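Commentary on secondary and tertiary structure
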Amino acid sequence: WRALIVCFCMFSIVGHWLEIPYCFFMDRFFGIVADDYAVLSDPWYHPYWVYGIGAVAMTLAIEPLKEHFIMASRRLCGALAKSFVAVVLIALAMELVIGLLVNQPDAAGEYPYWDNSQLPLNVMGQAWLVNDLFIGAVAMLYVWLLYPLICWGFMRLRPRVANGVFAAVVVGFALCCVVSYAQVVPSWDA
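None of the values given here were measured: they were computed from a predicted structure.

1. Let's talk about helix 1 (residues 2-30)
Its 29 residues place the ends of helix 1 39 Å apart at the C-alpha level, agreeing with the 42 Å of an ideal helix rising 1.5 Å per residue. Its maximal kink placed at Phe11, helix 1 deviates by approximately 30°. Two residues or fewer after helix 1 comes Gly31, characterised by a positive phi angle close to 60°.

Below you can see the structure in the form of structure tokens.
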């Protein structure tokens, strides 16, 4: 449970960092990132909760399936291929559901956050398979390497030290949230 909460906290921040080069790439090759897109101006410590939630969802969905993928495949590359298909489908479903919940068009028919409707391989204007392939690649690295390493690290620590590391990460994340959102919320004095 500690590793899962730590991953939520860490990847809420790391996801923001990863989105920056991704946006530069997507803008260069597809011209689809607005100049005023928040990820480009938010401070480095601003959490993007969707990535923390995504890390937890991928962990809960794929971690139990990894052994099944390995047993059902004759080789590790087969298990990795099955896992990649699963994470891409999960990413697509999550992007679609989040879009349908928070990215509804206004009276003029314009989406407030993103509009994938003009892109090939989009799903209902919300999800975009190209995004989900990139998310799937990162999720594979996370689920097959990073999450197991974090779990292994916690198991290697004495309980008191593991609890201290856990507390430090959670407090650090909480401070990032407080400082980041304090900049967004207008002052009561104004």
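Having seen the model, we can carry on.
2. What about helix 4 (residues 129-156)?
Note on helix geometry: an α-helix contains 3.6 residues per turn, so any two residues three or four positions apart are oriented the same way. With 28 residues, helix 4 extends 39 Å from end C-alpha to end C-alpha; this agrees with the ideal 40 Å at 1.5 Å per step. Most pronounced at Tyr142, the bend in helix 4 amounts to some 40°. Inspection of helix 4 places Val130, Asn131, Asp132, Gly136, Ala139, Met140, Tyr142, Val143, Trp144, Tyr147, Ile150 and Phe154 among the buried residues, and these make up the whole buried set.

3. Looking at the packing of helix 3 (residues 76-102) against helix 4
Any two packed helices are characterised by how steeply their axes cross, that is the angle between the axes, and by the distance between the axes. It is the contact of helix 3 with helix 4, at a shortest axis distance of 8 Å, that shows an interaxial angle of 125°. Between helix 3 and helix 4, the angle is such that the two are oblique. Seen from above, helix 3 lies across helix 4 with right-handed handedness. Contact residues: Leu76, Ala79, Leu80, Ser83, Phe84, Val87, Val88, Ala91, Leu92 and Glu95 in helix 3; Leu129, Asn131, Asp132, Leu133, Ile135, Gly136, Ala137, Ala139, Met140 and Trp144 in helix 4. Among the residues forming the contact of helix 3 with helix 4, the class breakdown is 15 nonpolar, 3 polar and 2 charged.

4. A look at a nonpolar patch on the surface
Together, Phe25, Phe29, Phe30, Ile32 and Phe134 make up an exposed nonpolar region whose accessible area comes to about 460 Å². The leading source of residues in the nonpolar patch is helix 1, at 3 residues. When you line up the elements, Phe25 lands in helix 1. Under the relative-accessibility criterion, Phe25 is labelled partly exposed at 34%.

5. Here's the deal with the packing of helix 1 against helix 2 (residues 49-72)
Here helix 1 crosses helix 2 at 125°, and the two axes come no closer than 7 Å. The angle between helix 1 and helix 2 places the two elements in the oblique class. Note on packing geometry: the crossing formed by helix 1 with helix 2 is right-handed. Each of Leu4, Cys7, Phe8, Phe11, Ser12, Gly15, His16 and Glu19 in helix 1 lies in contact with helix 2, whose residues at this interface are Trp49, Tyr51, Gly52, Ile53, Ala55, Val56, Thr59 and Leu60. Per-class residue counts for the contact of helix 1 with helix 2 are 10 nonpolar, 5 polar and 1 charged.

6. Quick look at the confidence of the model for the protein chain
Within the protein chain, residue pLDDT values average 88, and 96% of them lie at 70 or more. Here helix 1 is the element of the protein chain with the lowest mean pLDDT, 89, and helix 4 is the one with the highest, 94.

7. Re the environment of Asp42
Inspection of the secondary structure puts Asp42 in the loop between helix 1 and helix 2. Along the sequence, Asp42 and Met71 sit 29 residues apart, while their C-alpha atoms lie 44 Å from each other. Excluding its chain neighbours within four sequence positions, the residues that come into contact with Asp42 are His16 and Tyr48.

8. Observations regarding the nonpolar core
In this structure, Tyr142 and Phe154 are the most contacted members of the largest nonpolar core, which totals 31 residues. At the level of elements, helix 1, helix 2, helix 3, helix 4 and helix 5 (159-184) are the ones that each hand at least two residues to this core. With residues up to four places along the chain from it excluded, the contact list for Phe154 reads Arg2, Ala3, Val6, Ala162, Val165 and Phe166. Grouped together as the second largest cluster of nonpolar side chains are 8 residues, Met26, Tyr48, Leu119 and Val130 included.

9. Concerning the pattern of salt bridges
Oppositely charged side chains can form a pair if their charged atoms are brought close together. Following the criterion strictly, the structure yields 1 salt bridge and no others. For Lys66, the salt bridge identified is with Glu63, shortest N-O distance 3.5 Å. Of this pair, Lys66 and Glu63 both sit in helix 2, 3 residues apart, which is roughly one turn of that helix. Look at Glu63 and you get partly exposed, because its relative accessible area is 30%.

Analysis parameters
Residue indices follow the written sequence of each chain, beginning from 1 at its first position. For a predicted model such as this one, the threshold for reporting local features is a pLDDT of at least 70, and the threshold for listing and counting side-chain atom pairs is 80 or more; totals across whole chains, interfaces and linings nevertheless cover every residue. Only hydrogens and water are set aside when side-chain values are computed; all heavy atoms of the structure are taken into account. Working definition: helices are DSSP H or I runs of at least four residues, strands are E runs of at least two. Numbering for both runs from the N terminus. Each helix should span, by expectation, one fewer than its residue count multiplied by 1.5 Å. A residue's bend is the angle separating two fitted axes: one through the seven residues that end there, the other through the seven that start there. Exposure is judged per residue with a 1.4 Å probe applied to protein chains only, and the accessible area is read against the type maximum: over 50% gives exposed, under 20% gives buried, and values in between give partly exposed. For every element, the axis is a line fit to its C-alpha atoms; helices are fit only across the contacting stretch, and the angle between N-to-C directions ranges from 0 to 180 degrees. Our angle categories are set so that under 35 degrees counts as roughly parallel, over 145 as roughly antiparallel, 65 to 115 as roughly perpendicular, and the remainder as oblique. Should the near helix be turned anticlockwise from the far one by less than a right angle, the crossing is termed left-handed; should it be turned clockwise, right-handed. In this analysis, two residues are considered to be in contact whenever any of their non-hydrogen atoms come within 4.5 Å of each other. The nonpolar class holds Ala, Val, Leu, Ile, Met, Phe, Trp, Tyr, Cys and Pro. Asp, Glu, Lys and Arg form the charged class, and all remaining residues, Gly among them, are polar. The residues that make up patches have over 30% relative accessible area and no salt bridge, and they are joined within 9 Å when like-charged or within 5 Å when they are Val, Leu, Ile, Met, Phe, Trp or Tyr. Residue burial considers only the protein chains on display, and all accessible areas are found by Shrake-Rupley using a 1.4 Å probe. Salt bridges are identified by distance alone: a Lys or Arg side-chain nitrogen within 4 Å of an Asp or Glu carboxyl oxygen. For every residue, the predictor states its confidence as a pLDDT score lying anywhere from 0 to 100. Think of a nonpolar core as a cluster: buried Ala, Val, Leu, Ile, Met, Phe, Trp, Tyr and Cys residues, connected wherever their side-chain atoms sit within 4.5 Å.

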